[in-house]
Each structure stands twice: as C-alpha cells, then as structure tokens.
Amino acid sequence: MVSFIVRRLISGVVVLFVVSSLTFFMLYFSATSVARNILGESATQAQVHLKEIELGLDQPLFSRYVDWLGGALSGNFGVSWFNSQPVVDSIVGRLPTTLSIVLVTIVIAAVLATLFGVAAAVRRGWVDRLLQIVSIGASAIPQFVVAIVLVTVFAIGLQLLPATGYVPLTDSFGGWLASITLPIIALAIGAVASTAQQVRSAVITVLSRDYVRTLRSRGLAPREILFRHVLRGAAPAGLTVLSLQFIGMLGGVVVLEQIFALPGLGFLALQSTTQGDMPVLMGVVVYIVIIVVVVNLLVDLAVGWLNPKARVS
C-alpha cells in the first residue's frame, strides 16, 4: 500500500508541474497589454513601458518562469498586479465559498446517485426506465439554465432563498445554508443524473457475476448479498465517476458564482482572466490542480482498498 501511495503522489506532483508550466507559458504569451489595462487608455507609451519594466514583462520568458517557479515552490505566488493584494490571501479568502458548494454537492450526489442507481439495478422494470429517462433529461440541461430557473422561482417568485451573496459558516449556519442551497441544487442535478446511471450499470454488472450467483445458491439473504458484496464490487466505478464529477464541478462553479454573485475561486479566476492578472490566475490554477490531485489520490486509495488488483495496476 505504501508503494501504491508513493506512486500516486509522484504522478500527482508531475501533473501539477506539467499543468502549471503549460498554463504559465500559454498565459504569458498573451500578456502584452496588461500594463495598458492597469494604467488605462489615457496612459502614454512611456508610462506603459515603465509599468512593463515594473512588472518584469521586459524580461525573457524563461527568466520570468524561473522566478515564478522559485516563488511558487516556497509558497509565494506574488501579489495581484491590479490591487497589490497577496495572491495567497486572495485565494485562501475565497476557498471556503467554492469548497462549501462543491463538497456539499458531491456528498449529496453520492448519496442520491447510489440510492437511485441501486434501486434501478435491483428493481429494474419501470423504476429503471424512469431513471434512464430522467437522467438523460437532467444531463441535457445546462447548469446555468437550471440556476436561472431556480433564481426566478425560489428567489424572485417565492422569495424563499436569497438570489445572490454568500454568508460564511462562522457567521450564521442558517444564512450559510440558505446562500449555498440554490447553487448546490443547480450543480447536483446533473451530477446525480450521470452518476446514478454509472452506479446502475456497475451494480447490474456485479449482480450478473458468478460469485453472486454462488452466494444466492448458498441461501444468503438478498439484502446481505447487496450490502456486503455487490456494493463493494460496484463502488470503484461509482467513486471514479464521482471524482470526475468533482473536477467538472470546479469548472461549473465559474459560471454559477457569476450568476449567484458568490465570492469564490471561480469568480476570482474569471475576474483575473478578464483583467490579465497573471499572478492571481496562476495561483488559482495551482490551487485547483492541488485540490484535484488530492481528491484523485483519495479516490485511488479508496479504490485500492476496495479492489486490491487496482494497487498492482
């Protein structure tokens, strides 16, 4: 198990290095107008040139990359080019918003998708057909459309929940729950739909295997076979889909945080991209990749524990 964890950690570090390096070079190739964006259209060419020197944009690209990488390795991502706020402070202050939405959504999606998927696989018939129809319909609806409908009905029409804003958990549990409810519903609908389909397929596959028929022939109760043997065999497929859903949600919150005016990482990423604030954008990319690597590592550990053959492969 130790070598399994070490291999996953090494692959995670390699992914982090490759993604951050590629992002750096792609972003800095298009960073020629940043100084003009900061100073405004009324700035003279001499002022723009001085600003570029101040930001280090006159240095060779590889030299800038080495400087950034050295700072990143020590945990220093620099300061924002637009408001001089440390990048780490900006990201840490917005992480709770994004993680609140994504983590609660993934837990809800895991529970509901397992219930629906197992029910469809075991009962089949109309329950199975209903799940497939609903899943296809739910997966086809874009998250931003769901979000707009939810705001229109529950925030503007019924006035049950706030349309915008975020309340920290430390300030008020009720306010925090109310502020993230609509974004979570918008994210969870598609996640539950697609994950339930995968869970259903995995459970049907395990139910058809020889060892399950052997367990039935020995007189074990269907409930015991399902909870002690079938779910364990189907869990790796479900966990893998959930990890992919988690990564997709990190992209989906970029749009949802704009709709619900939530001060999260997605909002920060879009703002820094629009402005050309490269230090902030690189910091956001690195933090998101670290979160993805950690989640994938946890999923790999869970899959390796459930299926020892996965550790060898």
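How each quantity is defined
- Here the residue numbering is sequential within each chain, running from 1 through the sequence in written order.
- Local features are withheld for residues below a pLDDT of 70 in this predicted model, meaning they are given only at 70 or higher, and side-chain atom pairs are given and counted only at 80 or more; totals for whole chains, interfaces and linings count all residues.
- Computation of side-chain values: all heavy atoms of the structure, hydrogens and water removed.
- UniProt positions are given in the numbering used here, feature names are shortened, and annotations may be inferred rather than shown by experiment.
- Only runs of H or I of at least four residues qualify as helices and only runs of E of at least two qualify as strands under DSSP, and these elements are numbered from the N terminus.
- By nonpolar core we mean a set of buried residues, namely Ala, Val, Leu, Ile, Met, Phe, Trp, Tyr and Cys, connected to one another through side-chain atoms within 4.5 Å.
- The cut-offs for exposure are 20% and 50% of the maximum accessible area for each residue type, with area from a 1.4 Å probe on protein chains only; residues under the lower value are buried, those over the upper are exposed, and the others partly exposed.
- Here the bounds of each domain stem from an automatic or database domain assignment.
- Contact between two residues is taken to exist if any of their heavy atoms lie within 4.5 Å; hydrogens are not considered.
- We call Phe, Tyr and Trp rings a pair once their centres come within 6.5 Å, taking the six-membered ring for Trp, and we label the pair stacked below 30 degrees between planes, edge-to-face above 60, and tilted otherwise.

Participant: Got a minute to help me understand the UniProt feature "domain: ABC transmembrane type-1" (unreviewed entry) in the protein chain in this structure?
Facilitator: What UniProt calls "domain: ABC transmembrane type-1" (unreviewed entry) maps, in this numbering, to residues 95–299. End C-alpha atoms of residues 95–299 are separated by 21 Å, and the span's content is 85% helix alongside 0% strand.

Participant: Before we go on, may I ask you to explain the nonpolar core in this structure?
Facilitator: Core analysis: the biggest nonpolar cluster contains 55 residues, and Trp-68 and Ile-91 have the highest contact counts within it. Counting only elements with at least two residues in this core, the list comes to α1 (2–28), α4 (61–73), α5 (87–123), α7 (143–157), α8 (173–207), α10 (222–259), α11 (265–275) and α12 (278–306). Looking at this core element by element, the count peaks at 12 residues for α12. Viewed by domain, this core spans two of them, domain 1 (1–74) and domain 2 (91–307), each represented by three or more residues. Leaving out residues up to four positions away in the same chain, Ile-91 has contacts with Leu-265, Leu-268, Gly-283, Val-284 and Tyr-287. In this structure, Val-203, Val-206, Val-212 and Leu-215 belong to the second largest nonpolar core, which totals 13 residues.

Participant: Help me out: how do you make sense of unusual backbone geometry in this one?
Facilitator: Both trends apply: most residues other than glycine have a negative phi, and most peptide bonds are in trans. Despite not being glycine, Gln-159 shows a phi value in the positive range, around 55 degrees. Looking at where Gln-159 falls in the secondary structure, it is placed in the loop between α7 and α8. The exposed category is assigned to Gln-159, whose relative accessible area is 64%. The residue Ala-261 is not glycine, and still its phi comes out positive at about 50 degrees. Position of Ala-261 relative to the elements: it lies in the loop between α10 and α11.

Participant: I'm lost on the environment of Val-295 in this one. Help?
Facilitator: Secondary-structure assignment places Val-295 in helix α12. Judged by its relative accessible area of 18%, Val-295 falls in the buried class. Put simply, Val-295 and Val-13 are 282 residues apart on the chain and 13 Å apart in space, counted from C-alpha to C-alpha.

Participant: Explain the packing of aromatic side chains here, please?
Facilitator: Each aromatic ring pair is specified by the distance between its two centres and by the angle formed by the two planes. A full pass over the atoms with the stated rule returns 9 aromatic pairs. With centroids separated by 5.7 Å and ring planes inclined at 85 degrees, the aromatic side chains of Phe-24 and Phe-25 adopt a geometry described as edge-to-face. Residue classification places Phe-25 among the partly exposed positions, given a relative accessible area of 25%. Centroid distance Phe-24 to Trp-68: 5.7 Å. Interplanar angle 35 degrees. Geometry classified as tilted. Placement of the pair is Phe-24 in helix α1 and Trp-68 in helix α4, with a sequence separation of 44 residues. You'll find Phe-24 and Trp-68 in the same group, each marked buried. Each member of the aromatic cluster is reached from another via a ring pair, and the members are Phe-24, Phe-25, Phe-62, Tyr-65, Trp-68, Phe-77 and Tyr-287.

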